[in-house]
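Remarks on the overall topology
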Amino acid sequence: MTALSVSQNPLRRIWLAAVIVASALIFMASNSARAATEPEELVEKATLTVEKLMADPNLPELHTYIKRAHGVLIIPQLFKGGLIIGGEGGSGVLLVKGSDGSWSSPAFYTLGGASFGLQIGGEASEVVFTIMNDGAIDALLNHQFKLGADASVAVGPLGKGVEASTTSNFSDDIYAFSKSVGLFGGGALEGAAIIKRTSWNELYYAAGADPQKILIDRKFFNPHADRLRASLPN
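1. Some remarks on the overall build of the protein chain
Along the backbone of the protein chain there are seven helices and six strands. In the protein chain, the succession of α and β elements from N to C terminus is α-α-α-β-β-α-β-β-β-β-α-α-α. Out of the 234 residues in the protein chain, the part that is buried amounts to 42%.

Put into structure tokens, the structure is as follows:
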């Protein structure tokens, strides 16, 4: 009597099928475990935002402003809207330029605020703030940073114009470049706060990572942000 081949043996076929299915499940579980974290996704979106706005013919000034900036805050999705009571918010990344002209790894921040006034509508914007001096950088590192009352994040449908803002403690200029979608009328937002996201900084790097150590001391680094850093002119 001759032995049955694998193709002829039902038990072997079942066993092989089970092995294949188990291997596929392990592979899928492994890929799921390596899925991008929220900070990683934000860095990737911030990279796309910079590349898109830098290539926009309606924003020819952006390249020059980034080259002259001491830091940039990139918010891929800044939502703004309301009915009588308005508000806005979004997560972003801050990078600081060193004395050698190189850009730091990103630190994670959230912008949020609320305002009262005659306003209606909603808006989603991709925004790049260029921070033009060390005083504003220090305020971001050391205090809860607040935009001035005259600094609307919504710069217009294509965002060609730039709007100035000041910190709560300094008269130092920040410029906002935005490509907006939607409608927002009346009632400029006052006192929008920019606050560090400690949990995201530590998730992206390691325990103890804070903006000072990431941006200035450069004790933390993540190669995942290399494309974002390379997209910024220096």
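Next comes the rest of the description.
2. Section: the environment of A230
In this fold, A230 is placed in helix α7 (residues 226–231). Between the alpha carbons of A230 and W103 there is a distance of 8.2 Å; along the sequence they are 127 residues apart.

3. Regarding the nonpolar core
Of all hydrophobic cores here, the largest spans 50 residues; its most connected members are V72, I74, V93, L95, F108, Y109 and F129. For this core, the secondary-structure elements that each account for two or more residues are α2 (38–54), α3 (62–68), β1 (71–96), β2 (107–131), α4 (134–142), β5 (174–185), α5 (198–204) and α6 (211–216). When residues in this core are grouped by element, the largest group, nine residues, is from β1. Those residues in contact with Y109 that sit more than four places away from it in its chain are L73, G90, S91, G92, L94, L140, L141, I194, I195, K196, R197 and P211.

4. Some words on the packing of aromatic side chains
Here the structure, examined in full by the defined rule, presents five aromatic pairs. Where F108 meets W200, the ring centres are 6.1 Å apart and the plane angle is 70 degrees; that geometry is what we call edge-to-face. Remark: W200 occurs in helix α5 and F108 occurs in strand β2; sequence separation between them is 92 residues. With relative accessibility at 0%, the residue F108 sits in the buried group. Plain terms: the ring middles of Y204 and Y205 are 4.9 Å apart, the flat faces sit at 90 degrees to each other, and that makes the pair edge-to-face. For Y204, a relative accessible area of 4% puts it in the buried group. In this structure an aromatic cluster arises from ring pairing among F108, W200, Y204, Y205 and F220. The ring of W200 has R197 lying over it, and the distance from NZ or CZ to the ring centre is 3.9 Å.

What counts as what
Residues numbered from 1 in each chain as written. Predicted model: local features only at pLDDT ≥ 70, side-chain atom pairs only at ≥ 80, totals over all residues. Heavy atoms only, no water. Helix = DSSP H or I, 4+ residues; strand = E, 2+ residues; numbered from the N terminus. Buried < 20%, exposed > 50% of the residue type's maximum accessible area, 1.4 Å probe, protein only. Core = buried A, V, L, I, M, F, W, Y, C linked by side-chain atoms within 4.5 Å. Contact = heavy atoms within 4.5 Å. Phe/Tyr/Trp six-rings, centres within 6.5 Å; stacked < 30°, edge-to-face > 60°. Lys NZ or Arg CZ within 6 Å of the ring centre and 35° of its normal.

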